[in-house]
Amino acid sequence: MKKIRIGIIGGGLMGREIASAFSRWCALTDVTVKPVLVAVADLVPETLAWFERIDSVTLLTRDYRELLASSEVDVVYVAVPHHLHESIYIDVLRAGKDLLAEKPFGMDLGSARRILAAVQETGRFVRCSSEMPFFPGGQRALAMAQSGKLGRVLEVVSGFHHSSDLDASKPANWKRVSAMCGEGGVLNDLGMHACHIPLRLGWRPSRLFAQLQKGFSQRPDGKGNMVPCDTWDNALLHTWIVVGGVDVPMRLEMKRLAPGETNSWFIEILGTEGGVRFSTADPKALHVFEGGKEQWWKRTDLGFSTPFKTVTGGIFEVGFADVIQQMWAAFLMEREGLLDGRFGCATPEEAVASHEVFAAALQSHLRGTVVTLG
Ligand SMILES: NC(=O)c1ccc[n+]([C@@H]2O[C@H](COP(=O)([O-])OP(=O)(O)OC[C@H]3O[C@@H](n4cnc5c(N)ncnc54)[C@H](O)[C@@H]3O)[C@@H](O)[C@H]2O)c1
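For every chain, the first residue of the written sequence is number 1, and numbering continues from 1 along that sequence. Totals for whole chains, interfaces and linings use every residue, but because this is a predicted model, local features are given only for residues with pLDDT of at least 70 and side-chain atom pairs only at 80 or more, for both listing and counting.

Considering the site of the ligand
Next, step 1: Residues in close proximity to the ligand total 22 residues, the closest being Gly10, Gly12, Leu13, Met14 and Glu102.
Next, step 2: Within the shell around the ligand, the residues separate by chemical class into eleven nonpolar, six polar and five charged. Should the C-beta atom of a residue, placed from the backbone, lie within 6 Å of a molecule or strand, that residue is near it. Three residue categories are used. Nonpolar comprises Ala, Val, Leu, Ile, Met, Phe, Trp, Tyr, Cys and Pro, charged comprises Asp, Glu, Lys and Arg, and polar comprises the others, including Gly.

Below, the structure written as structure tokens:
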């Protein structure tokens, strides 16, 4: 396998997850590239120390510019708070490296557009992280929508729910502060997940009405004090898309206060002749609707039918760590020109399109009106 040398900037929750996905790359059987983690940059020495367990890492630094200056790094993955996306992503591109950028791809629409301009100016290969559609159920829902077998599309729901913010004692982090998460709050946090498949299908909202909600206005800081939390925590976006020349309602749901949910990404597409429903809350199950004299919702266990094949037995379950690895396989194979019709990661243009939806949602909530997207 061709080795691609990777640097990670931001070794927190996602930085460690990605490093772990590389460590079990041997599970993949139909890829011709292999990521090798060589460098990590993070501000926190204890965070950097975790990466000492990975033998291939030769550079651990508190200054990401040192990582970018290294000729040993081909591709950079950046997972830092949102207010740092724009400056660090653009530095990566100007350093002549390819980039897998974490969502939301800048903290607001202006920021996302400036990153896209830098992508176009430098010509680097860039994709935005969004792993949930790599679940077999997500892939099947996409394929069914593309097949045209659903008939006339009646309604679409796409969303992401979790509930960890219902715990009022949970310490605040940067994701609960607009200055670092961005004014979009939960839209920035979970919105790309909800938008990826609809945007890939060309289902960009033409107009929308948004309802945004906040949770707890302050939280403990973990050091005995309370700190303000000002981000939107739940967002319901009632949008219109055009499918086959007809206006169709599509609801995008992003919630950090969804009772009982842990990390549920879901999509439902209903048509006059068929329908499909998938949620990671029940990760093997695909629900398919069949019309006719009698109407049926059928449920099947999909097993381990990932886009990139693995040694894992077909009867086993797919989980978060697997789809993260699948997304990386897609990123690296597409970078080599070897995607061969398989599902690709979110593009910079799709990331900007998602920010156009978030910006319209903020405007809609503020004005209490329907907003038309340009
Ligand atoms: N794809 C997904 O499912 C998913 C899930 C969670 C988070 N995310 C995204 O990943 C990104 C990071 O989120 P996280 O949950 O890993 O956050 P985190 O707070 O756990 O980690 C962020 C890391 O960035 C480091 N950092 C901050 N400033 C830095 C700098 N100047 N140079 C180097 N390192 C710096 C911090 O020390 C920290 O270790 C965000 O964009 C977030 O939206 C994606």
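Digging into the nonpolar core
Next, step 1: Under the definition applied here, buried Ala, Val, Leu, Ile, Met, Phe, Trp, Tyr and Cys residues are grouped into a nonpolar core through C-beta atoms within 7 Å. Residues are called buried when their C-beta atom has 20 or more other C-beta atoms within 10 Å, exposed when it has 12 or fewer, and partly exposed otherwise; all C-beta atoms are positioned from the backbone. By size, the foremost hydrophobic cluster in this structure holds 101 residues, and its most contacted members are Ile9, Val78, Tyr89, Leu99, Ala141, Ala235 and Ala361.
Next, step 2: If you tally residues by element for this core, the top one is helix 9 (residues 320-335), at nine residues.
Next, step 3: Start and end positions for the domains come from either an automated domain assignment or a database one. If you count residues domain by domain, this core takes at least three from each of domain 1 (2-128) and domain 2 (133-307 + 348-372).
Next, step 4: C-beta atoms are placed from the backbone for every residue, and two residues are taken to be in contact when these atoms lie within 7 Å. Among residues more than four places away in sequence, those in contact with Ala235 are Val186, Leu187, Ala210, Leu212, Met254 and Ala361. Secondary structure elements follow DSSP: runs of H or I of four or more residues count as helices, runs of E of two or more count as strands, with numbering from the N terminus.

Some words on helix 1 (residues 13-23)
Next, step 1: Inspection of helix 1 places Gly15, Ile18, Ala19, Ala21 and Phe22 among the buried residues, and these make up the whole buried set. End-on, the buried residues of helix 1 take up no more than an arc of 155°, which puts them together on one face.
Next, step 2: Where helix 1 is buried, its residues meet strand 1 (2-9), strand 2 (33-41), strand 4 (75-78) and helix 9. Directions pointing from the helix axis toward each C-beta atom define the arc.

Digging into the packing of helix 4 (residues 85-94) against helix 5 (residues 109-122)
In a packed pair of helices, the relevant descriptors are the angle between the two axes and the axis-to-axis distance.
Next, step 1: Here helix 4 crosses helix 5 at 0°, and the two axes come no closer than 10 Å. In terms of orientation, helix 4 and helix 5 fall into the roughly parallel class. Note on element contacts: helix 5 touches helix 4 through Ser111, Arg114, Ile115, Ala118, Val119 and Thr122, opposite His85, Glu86, Tyr89, Ile90, Leu93 and Arg94.
Next, step 2: The class makeup of the residues in the contact of helix 4 with helix 5 is six nonpolar, three polar and three charged. Note on geometry: axes are C-alpha line fits, over the in-contact stretch for helices, and angles between N-to-C directions span 0 to 180 degrees. To sort the angles, those under 35 degrees are grouped as roughly parallel, those over 145 as roughly antiparallel, those from 65 to 115 as roughly perpendicular, and the leftovers as oblique.

A word on the pairing of strand 16 (residues 296-301)
Next, step 1: Along strand 16, only zero of the six residues are buried, which leaves the element largely exposed.
Next, step 2: Pairing between two strands is assigned when DSSP locates at least 2 bridges connecting them. Pairing of strand 15 (residues 285-290) with strand 16 involves six bridges; the strand directions are antiparallel. When the sheet's bridge partners are listed, Leu286 is paired in strand 16 with Thr300.
Next, step 3: The hairpin turn running from strand 15 into strand 16, its antiparallel successor, is five residues long, and Gly292 in that turn takes a positive phi close to 130°.

Let's talk about the pairing of strand 14 (residues 274-279)
Next, step 1: By the criterion of burial, strand 14 is predominantly enclosed, with five of the six residues buried.
Next, step 2: Both strand 13 (residues 264-271) and strand 14 contribute to a ladder of five bridges, which runs antiparallel. Within strand 14, the position partnered with Leu270 by the bridge is Gly275.
Next, step 3: What sits between strand 13 and strand 14 in their antiparallel hairpin is a turn of two residues.
Next, step 4: Sheet topology note: the strand 14/strand 15 ladder contains four bridges and is antiparallel. Each residue of the ladder has a partner; that of Val276, found in strand 15, is Val288.
Next, step 5: Taken together, strand 14 and the strand that follows it, strand 15, pair antiparallel across an intervening segment of five residues.

Considering the domain arrangement of the chain
Next, step 1: On domain assignment, one finds that the chain holds domain 1 (2-128) and domain 2 (133-307 + 348-372).
Next, step 2: A separation of 26 Å is found between the C-alpha centroids of domain 1 and domain 2.
Next, step 3: With 17 residues of domain 1 at the contact, the number on the domain 2 side is 18 residues.
Next, step 4: Looking at the side of domain 1 that touches domain 2, the elements with two or more residues in it are helix 5 and strand 6 (126-128).
Next, step 5: Of the residues in the side of domain 1 that touches domain 2, the class split is eleven nonpolar, three polar and three charged.

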